[in-house]
Amino acid sequence: MEQEINTYIDGTTIIEIEHLKKAFGNNVVLKDFNLTVHKGETVVVMGKSGIGKTVLIKCIIGLVKPDGGKMRVFNQDISKLNQQDLDELRTRIGFVFQNSALYDSMTVRQNLEFPLRRHRKKKIRGNLDLQVREALQNVGLENTIDLMPSELSGGMRKRIGIARSLILRPEIVLYDEPTTGLDPITSEEITHLILELQKKYDTTSIIITHDIDLARETANRIVFLMNGIAYMQGTYEELVNNEDTLIKHFFKRQAI
Amino acid sequence: MEPNQKNETVFSKVIDEFFYGIAELVQFSFKVFKIGIQPPYEFREVWNQCYEIGIKSFILVGTTAFILGLVLVMQSRPTMVEFGAGAFLPAMSSISIVREIGPLVTALICAGKIGSGISAELGSMKVTEQIDAMEVSGTNPFKYLVATRIIATTLMIPILTVYADFISLIGAFFGSNIKDNININYYFNRVFESLHYTDVIPSFTKTFFFGFTIGLVGCTKGYNSKKGTEGVGKAANVSVVLSMVGVIVIDMVVTQITSMMGYL
Ligand SMILES: Nc1ncnc2c1ncn2[C@@H]1O[C@H](COP(=O)(O)OP(=O)(O)OP(=O)(O)O)[C@@H](O)[C@H]1O
Ligand SMILES: [Mg+2]
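All figures in this text were calculated on a predicted structure; none of them were measured in a lab.

Chemist: Just to check I follow, could you spell out the domain arrangement of chain A for this structure?
Modeler: When the parts of a complex come together, some accessible area is lost, and that lost area is often taken as the interface size. Residues and elements named next belong to chain A. When cut into domains, chain A gives domain 1 (2-92 + 170-255) and domain 2 (103-169). Computed over C-alpha atoms, the centres of domain 1 and domain 2 are 24 Å apart. Taken together, the contact between domain 1 and domain 2 spans 17 residues of the former and 13 residues of the latter. Taking both sides of the interface into account, the surface hidden between domain 1 and domain 2 amounts to around 1300 Å²; carbon and sulfur atoms contribute 68%. Inspection of the region where domain 1 meets domain 2 yields 1 salt bridge. There are 5 residue pairs in polar contact (both at pLDDT 80 or more) connecting domain 1 and domain 2. Of all the secondary structure elements, the ones that give two or more residues to the side of domain 1 that touches domain 2 are strand S7 (172-176) and helix H8 (184-201). A total of 6 residues in the side of domain 1 that touches domain 2 trace back to one element, the largest contributor, which is H8. Across the side of domain 1 that touches domain 2, the residue classes break down as 9 nonpolar, 3 polar and 5 charged.

Dropping the structure here:
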């Protein structure tokens, strides 16, 4: 299994983070964070609540401005891009929000159409309806097309959020806790969904999660974020069998 | 704590907040202008917002304007008749409606209804990360959400004011007709006769400023609202108070200017 996933990875570096720093006032969240992600790789980021995982991936997509360090995505320095180039780059990255962040005032269909309408030039936009239906089919929620987000359950919202983030066929997908707060069965479904979509569209992913099963099944590599640095990195087996007390504590807690 | 001392701290806090609020508004409006004037323009979204604002306020503004026109005439009529000025009733009502009541009442109603709506909407979009989601879809929220709403209020408040003026004059006509029997043609002839462009132009111009203020305050407060539902509620609340005060201050300044220019 491990071998099979690894064959997708080639040597190309897609995300390169060096000495990333970010503080909010006195609250130093990222101190000196380093990470390199290769094409086709799935990196899972784990760590305690409030440690800065969301801040980290928001830096990758330029929602949060780092205080220092280097952040290169597709070989472009995020901090040096102008608005237009940044927007262009963002179409190549999908971001799945922790709380789904669906547009309340729009139906599911309009939510999914939004990125398409904003991005595809009229000519190459193609059939919106077809693309929306395919995206919904991918997450198994075709029948929700005309519902409002308020009419969906938490798990359904997460899946619609995933569908919306993937609709532009991004090369990188950043998932922020895609299974948190869901029952084990739905979590498993979402895990499989992520794996399936990964295969189908050949994406590079960073997944933030506390869900050990999700981490085990998807990760080529797990990064443990702590005290503002990448405290520990390795495969699932390496981390589970690690003797470091903090890591041990974290995995034991989670496994129960 | 001494009551006196307490008052002082509350007072200085209010002053602080006031200046902070002004700075926030100025900064925000610069940003909106800077980003808003760059193409591509969001015409479709401006149109949607205009439609929303128009539909939301149509009935409320109309009803209020009608009643105010009616009441104005009913209240002033006895005094005017007593002074033998009954014939001036149409002129008096048209000038007070067009110059002051129409614009001000429309703006105050919209500050309450539209301003609070805008800031609650943007506030909740902010706290639920919908604005972030828009940004990562490569859409500039300043352009798509903020600039469009400010343009829409700036355009719609004047239109709603003209509508309110008209309905209010009809109200005033009914008010006059309760006691006297006036022909509607005669009434409206007198109304338009007594209105000069020096009445109409300044009062129409100021409504653009009213609209801009309502949109700007609503967007600023919503967009910068603190996390949590309480933050959103407070943003809506503060935005109503601020834009009402803003409207009244602008009204006063415009009246001063027109009077200095000799138009009053
Ligand atoms: N916009 C912000 N302003 C101020 N502080 C912030 C902001 N965003 C995040 N923080 C702070 O940064 C720290 C990290 O937050 P972050 O959301 O990244 O945590 P997290 O690791 O994603 O936690 P969780 O697992 O609970 O989602 C927290 O202490 C938080 O208070
Ligand atoms: Mg988080």
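Chemist: Quick question: what am I supposed to make of the layout of surface pockets here?
Modeler: A probe matching the size of a water molecule, rolled over the atoms, marks out where space remains unfilled. Residue and element names in this part refer to chain B. The volume enclosed by the second largest pocket comes to roughly 1000 Å³. Lining the second largest pocket are 31 residues, and of these Gly 21, Glu 24, Lys 221, Val 238 and Leu 242 lie nearest its centre. Of the residues forming the lining of the second largest pocket, the biggest block, 11 residues, is contributed by helix H1 (residues 3-36). Here the lining of the second largest pocket is composed, by residue class, of 17 nonpolar, 8 polar and 6 charged.

Chemist: Honestly, the sheet that holds strand S2 (residues 27-38) of chain A in this entry has me stumped. Any pointers?
Modeler: Pairing between the strands of a sheet comes from backbone hydrogen bonds, and it takes one of two forms, parallel or antiparallel. Residue and element names in this part refer to chain A. Read from one edge of the open sheet, 4 strands run S2-S1-S4-S5, paired in antiparallel fashion. Lying at the two open borders of the sheet, with one neighbouring strand each, are S2 and strand S5 (76-77). Two elements, strand S1 (residues 13-24) and S2, share 8 bridges in a ladder whose sense is antiparallel. Bridging across to S2, Phe 24 finds its partner in Asn 27. Where helix H2 (residues 53-60) meets the sheet, its contacts fall on S1, S2 and strand S4 (68-73), and the angle it forms with S1 comes to roughly 125 degrees.

Chemist: Teacher, can you tell me more about the coordination of the magnesium ion (ligand 2) here?
Modeler: Between any two of four tetrahedral donors, the ideal angle at the metal is 109.5 degrees; between two of six octahedral donors, it is 90 or 180 degrees. Residue and element names in this part refer to chain A. In this structure, Thr 54 (OG1) and Gln 98 (OE1) serve as the protein donors to the magnesium ion (ligand 2), at separations of 1.9 to 2.3 Å. Here Thr 54, found in helix H2, pairs with Gln 98, found in the loop between strand S6 (93-96) and helix H4 (108-119); they are 44 residues apart in sequence, far enough to count as distant. On the basis of relative accessible area, Thr 54 is assigned to the partly exposed category, the value being 22%.

Chemist: Quick question: what am I supposed to make of the nonpolar core here?
Modeler: Generally speaking, a soluble globular protein has its nonpolar side chains buried in company with each other. Counting 83 residues, the largest nonpolar core has Ile 15, Ile 17, Ile 60, Val 73 and Leu 174 of chain A together with Val 146 of chain B as the members making the most contacts within it. Among the elements that make up this core, the one with the highest residue count is helix H5 (residues 141-179) of chain B (12 residues). Ile 60 of chain A has contacts with Ile 15, Ile 17, Met 71, Val 73, Ile 78, Leu 174 and Ile 206 of chain A, leaving out every residue within four places of it along the chain. The next biggest cluster of nonpolar side chains, apart from the first, holds 43 residues, and it includes Leu 128, Ile 145, Leu 197 and Leu 239 of chain A.

Chemist: What is the right way to read the packing of H5 of chain B against helix H6 (residues 184-194) of chain B from this model?
Modeler: Residues and elements named next belong to chain B. Interaxial distance between H5 and H6 falls to 11 Å at its minimum, and their mutual angle equals 125 degrees. With respect to each other, H5 and H6 are oriented oblique. Taken as a pair, H5 and H6 cross one another with a handedness that is right-handed. Between H5 and H6, the contacting residues are Leu 169, Ile 170, Ala 172, Phe 173 and Ser 176 on the first element and Ile 184, Tyr 187, Phe 188 and Val 191 on the second. Of the residues in the contact of H5 with H6, the class split is 8 nonpolar, 1 polar and no charged.

Chemist: I tried to follow the site of ligand 1 on my own but got confused; where do I start?
Modeler: Residues and elements named next belong to chain A. By nearness alone, 14 residues border ligand 1, and Ser 49, Gly 50, Lys 53, Thr 54 and Glu 177 come closest of all. Take Gln 98: an N or O atom from its side chain is 2.9 Å from an oxygen atom of ligand 1. Alone, ligand 1 offers 630 Å² of accessible surface; in the complex the protein occludes 61% of this. Where the shell around ligand 1 is concerned, the elements lending two or more residues are S2 and H2. Considering every element that reaches the shell around ligand 1, the biggest residue donor is H2, with 3 residues. Its residues assigned to classes, the shell around ligand 1 comprises 4 nonpolar, 7 polar and 3 charged.

Chemist: I would appreciate a short explanation of the pairing of S4 of chain A in the present structure.
Modeler: Along any regular strand, the residues point their side chains to alternate faces of the sheet. Of the strand pairs in this sheet, S1 of chain A and S4 of chain A are connected by 5 bridges, and their pairing is antiparallel. Residue Ile 17 of chain A lies in a different strand from S4 of chain A, and its bridge partner there is Met 71 of chain A.

Chemist: Explain empty space enclosed by the protein here, please?
Modeler: For the structure on display, the rule yields 2 cavities of 30 Å³ or more. The space that makes up the largest cavity amounts to roughly 160 Å³. In terms of lining, the largest cavity is formed by 15 residues, of which the most central are Ile 93, Arg 164 and Ser 165 of chain A together with Val 136 and Ser 137 of chain B. Those elements that place two or more of their residues in the lining of the largest cavity are S6 and helix H7 (154-166) of chain A together with helix H4 (130-136) of chain B. Per element, the largest residue contribution to the lining of the largest cavity is 3 residues, and it comes from S6 of chain A. The residue inventory of the lining of the largest cavity, partitioned by class, reads 9 nonpolar, 4 polar and 2 charged. Split by domain, the lining of the largest cavity shows at least three residues from each of two domains, domain 1 (2-92 + 170-255) and domain 2 (103-169) of chain A. As for the second largest cavity, its lining consists of Ala 65, Leu 68, Ile 97, Ile 101, Gly 102, Val 105, Ala 164 and Ser 168 of chain B. At the level of elements, helix H2 (43-82), helix H3 (89-127) and H5 of chain B are the ones that each hand at least two residues to the lining of the second largest cavity. In terms of residue count, the dominant contributor to the lining of the second largest cavity is H3 of chain B (4 residues).

Each value, and the rule that gives it
Residues numbered from 1 in each chain as written. Chains lettered and ligands numbered in written order. Predicted model: local features only at pLDDT ≥ 70, side-chain atom pairs only at ≥ 80, totals over all residues. Heavy atoms only, no water. Domains from an automatic or database assignment. Contact = heavy atoms within 4.5 Å. Buried area = accessible area lost by both parts, 1.4 Å probe. Salt bridge = Lys/Arg side-chain N within 4 Å of Asp/Glu carboxyl O. Polar contact = N/O pair within 3.5 Å; in protein donor to acceptor, adjacent residues only side chain to side chain. Helix = DSSP H or I, 4+ residues; strand = E, 2+ residues; numbered from the N terminus. Nonpolar A, V, L, I, M, F, W, Y, C, P; charged D, E, K, R; others polar. 1 Å grid on protein atoms, 1.4 Å probe; cavity = no way out; pocket = protein on both sides within 12 Å on 5 of 7 lines; lining within 4 Å. Points joined across faces, edges and corners; volume = space filled by probe spheres on them. Pairing = 2+ DSSP bridges. Axes fitted to C-alpha atoms, helices over the stretch in contact; angles between N-to-C directions. Donors = N, O, S within 2.8 Å, 3.2 Å for Na, K, Ca; no water. Buried < 20%, exposed > 50% of the residue type's maximum accessible area, 1.4 Å probe, protein only. Core = buried A, V, L, I, M, F, W, Y, C linked by side-chain atoms within 4.5 Å. Parallel < 35°, antiparallel > 145°, perpendicular 65-115°, else oblique. Left-handed = near helix turned anticlockwise from the far one by under 90°. Near = heavy atom within 4 Å. Areas by Shrake-Rupley, 256 points an atom, 1.4 Å probe, with all protein chains shown as cover.

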